[in-house]
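Below, each chain spelled out in residue letters.
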Amino acid sequence: MDGSGLPEIRSTCPYCGVGCGVLLRPDGQGGLDVRGDPEHPANFGRLCSKGSALGETVGLGHRLLAPRVSGVDTDWDSALQLVADRFTETIAEHGPDSAAFYVSGQLLTEDYYVANKLMKGFIGSANIDTNSRLCMASSVAGHKRAFGSDTVPGTYGDLDEADLVVLVGSNLAWCHPVLYQRVIAARKARGTKIVVVDPRRTASCDAADMHLAIQPGSDVALFNRLFAALYEGGALDKAFIARTTGFDAALHAAQNDPATPTGLPEAQIAAFCDLWMRTEKVVTIYSQGVNQSTSGSDKVNAILNCHLATGRIGKPGCGPLSVTGQPNAMGGREVGGLANMLACHLDLENADHRSVVRGFWTSGPLPEAPGLKAVDMFRAVGDGRIKALWIIHTNPAVSMPEADAVRDAIAACPFTVVSDITDQTDTARLADVLLPATAWAEKDGTVTNSDRTISRQRSVLPAPGQARPDWHILAEVGRRMGFEAAFDYASEAEIFREYATLSGLAGQMGRDFDISALSTLTDTDYDTLEPQRWPITQTRKGGRFFADGQFFTPDGKARLLPVSWRPPAAKTEPRYPFRLNTGRLRDQWHTMTRTALSPRLSAHLAEPFVDIHPIDAQRLGIARSDLVTLKSPHGSAILRARISDAVQVAQVFAPMHWTGETAPSARIDALVAAACDPVSGQPESKASVVAVSRYDAAWYGFAVARDPMVLTSDYWALARTTHGYRAELAGTSPIADWESEALRLFAASDATLVTMIDARLGHARMVLHRNGIMIGALFAAATPVAVMRDYLATLPGTDGAGAITGRTPADVPDPGPVLCSCFGIGVNSIVTAIETQGLMSVDQIGASLNAGTNCGSCRPELADLLDRVRLREAAE
Ligand SMILES: Nc1nc2c(c(=O)[nH]1)N[C@H]1C(S)=C(S)[C@@H](COP(=O)(O)OP(=O)(O)OC[C@H]3O[C@@H](n4cnc5c(=O)[nH]c(N)nc54)[C@H](O)[C@@H]3O)O[C@H]1N2
Ligand SMILES: Nc1nc2c(c(=O)[nH]1)N[C@H]1C(S)=C(S)[C@@H](COP(=O)(O)OP(=O)(O)OC[C@H]3O[C@@H](n4cnc5c(=O)[nH]c(N)nc54)[C@H](O)[C@@H]3O)O[C@H]1N2
Ligand code: SF4
Ligand SMILES: [Mo]
């Protein structure tokens, strides 16, 4: 409770795998107040920019509110019967493997369990795979190869006690900001050293003692060198090595793998090895720079080899830590959501495991072989082997590699069902049947975060329209397909109890995942369930794994694996001379269906871009703010050029977030090759090859508007603002009549126009008013438009005085692009404060402007800005 009298409800943030606890209080008008839960063990009250802005994303404007068949709203009964009938008919005619589910690490455990049970247990196919294939599959494979199980050994608490944290292919500052803050706090408290291994200089490098800017895909070579150095330096733990097998072969492979592919200077490698060797308490955090690779599983095992051979695992302050991306990536692995797994960390290919699960479910025979993994699944959709497809809580038309082919395959599939909270996604637009799911704040269930902590998500808002929880929709279809008893669930709690009971059987078979002590929870217990780390049995609760040298392999020993460096699958060549790296931005979540609703999150970086090194830019005649075309063997994209030495020569980086809804020519996965790791099946999303050239635009435009715009130009990118929308535009054919173009763009033929057009220079400025209120403004030029964007974005809905000048009035400073999204503070305001007030630290910036004092996600960028201003001043 707080002052307002309404109770605060404890729940979990629906974004990243840190799994922060949140306290939610409905504001009574459909909105939510959100703050961090001081008692949650993942965040102790902290939230990042995305978590802090959750309240801005719960509006209903974009929601899908009724089931829809072939574009027409219908009732649940008809829609569910149609789905059940079409799946039943397809299976009867073409066999179980003609059906597939493609699901998500953002589903709650209860949803996921039901989906997996329906496909593997009752449809009798293993064709259920998940976007976790694009995310965690290499970590799962690496864990299973080394430990005999998909076990995360340590806990977040290790970060507080570590003396060295190595971030490998992880931009923790932006992607797991609350964990990053924890590392920074440890650094302040005990001087923890930070090393970043990433081809790109990221926000996570700002506080790092060392940045190893390796060549893409060369991590195995680096960790092999470390392994060899640990051996040569006498730093191995012989007693622990006795608890492993494969040491000789692994060491031999490491010693024979040259470090040259890393491209790093020998002295830097030596310094890294030396630091690792000297430090007992080392945590190696790894993420997509490791997993999303054709050698992803080998990268994981190269890292695990070093921790196992030094016994630095499962003890306080040390161990490998695979940070998971999605809020329930771990839960999905636990329920067996991947095509090659069974529920509760049991193995699909193990006959004893199958028979236990079959007996428990009283189902038909379970499939004996793995189903199709994500990339193969969509290939099978494309070539007609899969004829009925159900996509739940994921947007593969945007996020899969070779996304144009995936989009076309979904469109051509004879029967596609999509469950989403909105119809405004690239994938939802392709569905035959669209099913409205309840969203995060409306649903109940559990999620597991990166350190095995299971937390409740709790519904705090009513389900809008006809929306229903995902598990409920799945169970209805299961019942209508003839499996009444198996899917006769009355509540989430009932599903959870069943799952916890099954985990007890898995525990009895010697598996790690056992939460059987939760199998007798009452509904009230489930409602009040506290966050807790598995295992949760009568004899064991939480804690770390493996310090005792006991592993989940048949002989109980861990496996050291011989691994050797392999280059990325795609080779650069004269036609495609650049390596394309892709990843995330601080304030957007994946395909932006939720974060883009928040003006303050959209203000951080409002347009898709590509980072290109100054030397390459100069060689290709690309100037700052130019648009560029990227072409790969699979597709093309148009992006804004940011010239930056954060990337290396011949490498470019582009974010993954933009879609057909927000910037149709910037769908980056259209370019990404679907080359996969041979063990994990995870695609190499970070190392495709592309050509880069300047986009030859006849005109460039910038528009702000109060209402949605009619965007049709060759290039456009749309973002929300506090006053409506802003858009960047460009086209290759000249516009003859700018005034008609403006009226069309704003769908406002009745508006009054103020214009300034210079046809000779190709400049055009138009401000549109209706009833004295500015509804839009369009600025066009033959070169990238130079106007004060962030200021102009605040004018729609006002009288718009002076808008035509494209700049602030003389007495109003331009705040510049927003850097601190919590307080909406722009770069220019911060630079001015640094210069005029002589600020020397991030804390001083906070004291003066508040910037960086709420969630802290922008602190690395503040530090970077401070350095740049100071450097500039020093040079002057
Ligand atoms: N803000 C934000 N946070 C998120 C998400 C989001 O969408 N937005 N998504 C969540 C999800 S699902 C995930 S999976 C995580 C991902 O979290 P991260 O893995 O931290 O994020 P990415 O930006 O995908 O990639 C990390 C880094 O890998 C580097 N990299 C590329 N190639 C290599 C290589 O060969 N070797 C090494 N060592 N590094 C390489 C990239 O330059 C990049 O900086 O983030 C989660 N958190
Ligand atoms: N190039 C490139 N591509 C990548 C990556 C990369 O680094 N580079 N990363 C990959 C990784 S790690 C990941 S995890 C994926 C993520 O990619 P996706 O999973 O495709 O992305 P999201 O935007 O998270 O999609 C979630 C969808 O679920 C909907 N939704 C939200 N809440 C609910 C709900 O409660 N129920 C239902 N049924 N639907 C809901 C949202 O509106 C949205 O359409 O992208 C992958 N693709
Ligand atoms: S770090 Fe941010 S996005 Fe991740 S769970 Fe916490 S608040 Fe949510
Ligand atoms: Mo992910």
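Our subject is the structure that appears above.
Residues numbered from 1 in each chain as written. Chains lettered and ligands numbered in written order. Predicted model: local features only at pLDDT ≥ 70, side-chain atom pairs only at ≥ 80, totals over all residues. Heavy atoms only, no water.

## A short note on the overall build of the protein chain
The test is simple: Helix numbering and strand numbering both begin at the N terminus, where a helix is a DSSP run of H or I of at least 4 residues and a strand a DSSP run of E of at least 2. Two things to know: the radius of gyration comes from C-alpha atoms, and the globule rule equals 2.2 Å times the number of residues to the power 0.38. Residue exposure (1.4 Å probe, protein chains only): buried if accessible area is under 20% of the type maximum, exposed if over 50%, otherwise partly exposed. Per-residue and other accessible areas follow the Shrake-Rupley method at a 1.4 Å probe size, with only the shown protein chains counted as cover for residues. Positive: Lys, Arg. Negative: Asp, Glu. His and the chain ends are not part of the count. Where a charge lies is defined by one atom per residue type: Lys uses NZ, Arg uses CZ, Asp uses CG and Glu uses CD.
A count of helices and strands for the protein chain gives 28 helices and 36 strands. In terms of overall dimensions, the protein chain is globule-like: its C-alpha atoms have a radius of gyration of 27 Å, near the 29 Å expected for 876 residues. Reported as C-alpha extents along the three principal axes, the dimensions of the protein chain are approximately 80 × 70 × 60 Å. The proportion of buried residues among the 876 residues of the protein chain is 63%. For the protein chain, the exposed area adds up to about 29900 Å²; of that, 52% sits on carbon and sulfur atoms. A gap of 4 Å separates the mean positions of the 81 positive and 97 negative side-chain charges of the protein chain.

## Description of the sheet that holds strand β26 (residues 636-643)
Convention followed: Two strands make a pair as long as DSSP finds a minimum of two bridges between them. To define axes, lines are fitted to C-alpha atoms, for helices over the stretch in contact only, and angles between the resulting N-to-C directions are given on a 0 to 180 degree scale.
As summarised here, the arrangement of the six strands in space is β23-β27-β24-β26-β25-β28, forming a closed barrel in which the pairing is mixed. Strand-to-strand, the axes of this sheet are offset by a mean angle of 45°, without reference to chain direction.

## Some details on the site of ligand 3
Formally: For each residue, the test is whether any non-hydrogen atom lies within 4 Å of the molecule or strand; if one does, the residue is near. Gly is put with the polar residues, along with every residue not named as nonpolar or charged; the nonpolar set is Ala, Val, Leu, Ile, Met, Phe, Trp, Tyr, Cys and Pro, and the charged set is Asp, Glu, Lys and Arg.
The full set of residues close to ligand 3 is C13, Y15, C16, V18, G19, C20, L47, C48, K50, G51, P177 and V178. Those elements that provide at least two residues to the shell around ligand 3 are α1 (49-52) and α7 (177-190). Class assignment for the residues of the shell around ligand 3 results in nine nonpolar, two polar and one charged.

## A look at helix α19 (residues 470-480)
Because an α-helix completes one turn every 3.6 residues, residues spaced three or four positions apart along the sequence face the same direction. Of all the eleven residues making up α19, eight are buried; the element is thus mostly covered by neighbouring parts of the structure. Of all the positions in α19, only D470, W471, I473, L474, A475, E476, V477 and G478 are classed as buried. Count one or two residues on from α19 and you reach G482, which has phi positive near 105°.

## Digging into the site of ligand 1
Operational definition: We define a polar contact as two N or O atoms separated by no more than 3.5 Å, with the added condition that, inside protein, one atom must be a possible hydrogen donor and the other a possible acceptor, whereas residues neighbouring each other in sequence contribute only through side-chain atom pairs. Marked domain ranges trace back to an automatic or database domain assignment.
Close contacts around ligand 1 come from 35 residues, with G217, D219, S287, R584 and Q588 the closest. Within the contact set of ligand 1, a nitrogen atom lies 3.0 Å away from a backbone nitrogen or oxygen of V197. Between K686 and ligand 1, the recorded distance is 2.9 Å, taken from a side-chain N or O atom to an oxygen atom. Protein chains bury 99% of the 910 Å² of accessible surface belonging to ligand 1 in isolation. Looking at the shell around ligand 1, the elements with two or more residues in it are α6 (172-175), α12 (288-291) and β23 (578-583). Grouping the amino acids of the shell around ligand 1 by side-chain chemistry returns eleven nonpolar, 16 polar and eight charged. Each of two domains, domain 3 (137-322) and domain 4 (578-694), supplies a minimum of three residues to the shell around ligand 1.

## A word on the environment of V785
Filter applied, for reference: Residues are treated as being in contact if the distance between any of their heavy atoms lies within 4.5 Å.
Position of V785 relative to the elements: it lies in the loop between β34 (773-781) and α25 (789-792). Under the relative-accessibility criterion, V785 is labelled buried at 9%. For the pair V785 and R278, spaced 507 residues apart in sequence, the C-alpha separation works out to 54 Å. Residues in contact with V785, not counting those within four places in the same chain, are Y700, G701, F702, F779 and A780.

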